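Read off the chains here:
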Amino acid sequence: SLRPQAVAYNQVISAWASSTEHDKAYRAASVLAKVKEAEVADASSYGHVLRACATSDYTNKSRMAALKIALGLWKDLDSKNEQRHLLTSHFYTFLIRTLGFMSEKKPKERDAAI
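Residues numbered from 1 in each chain as written. Predicted model: local features only at pLDDT ≥ 70, side-chain atom pairs only at ≥ 80, totals over all residues. Heavy atoms only, no water.

The next point concerns the packing of helix H1 (residues 6–18) against helix H3 (residues 43–54). Following both chains from N to C, one finds H1 and H3 inclined at 15°, their axes separated by 8 Å at the closest point. If you check the angle between H1 and H3, you find them roughly parallel. The handedness of the crossing between H1 and H3 comes out as left-handed. Contacts between H1 and H3 involve Asn10, Ile13, Ser14, Ala17 and Ser18 from the former and Ser44, Ser45, His48, Val49, Arg51 and Ala52 from the latter. Counted by class, the contact of H1 with H3 contains 4 nonpolar, 6 polar and 1 charged residues. (Axes fitted to C-alpha atoms, helices over the stretch in contact; angles between N-to-C directions. Helix = DSSP H or I, 4+ residues; strand = E, 2+ residues; numbered from the N terminus. Parallel < 35°, antiparallel > 145°, perpendicular 65-115°, else oblique. Left-handed = near helix turned anticlockwise from the far one by under 90°. Contact = heavy atoms within 4.5 Å. Nonpolar A, V, L, I, M, F, W, Y, C, P; charged D, E, K, R; others polar.)

This is the structure:
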C-alpha cells in the first residue's frame, strides 16, 4: 500500500507552522500523531511542530496550548532512549522560544501549564 513518507508529512506540518491560524500548534501536533502512527517521524517532524508552538502568539489560550504541546513532545522524546537522537539543537531552540512566551505571562499561569 502507498503511504506518505516523512517528507510529505513534514511539508504539511511545516505549512501549519507557517500559517497564521490560532490553533496551528494543535493542528501540527495532530499531523505529528499520524506521522508517529505511520512510524516515519524524524527530527524535522518534531522540529516543525515545535516551530508551530514557538510562533503561536495570538492569544493566551493558544500560547498555553502550544506550551503544553511542546512540553509533551519533550517529555515523550526524553523518556524514550531510542528516540533521544531526535532531540536536536533545533528542537531545543524552538522549545526555548516556546518557553520564552511564558516568561511574559503571570508566574501562576506559566507554572500551572508546566
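So, next bit.
So, on to the pattern of salt bridges. With the rule as written, the count across this model stands at 2 salt bridges. Put simply, Asp76 and Lys36 hold a salt bridge, and the shortest N to O gap is 3.0 Å. Pair noted here: Asp76 is in helix H4 (residues 60–78) and Lys36 is in helix H2 (residues 24–37), with a separation of 40 residues, a long-range link. Of the residues examined, Lys36 reaches a relative accessible area of 35% and is grouped as partly exposed. (Salt bridge = Lys/Arg side-chain N within 4 Å of Asp/Glu carboxyl O. Buried < 20%, exposed > 50% of the residue type's maximum accessible area, 1.4 Å probe, protein only.)

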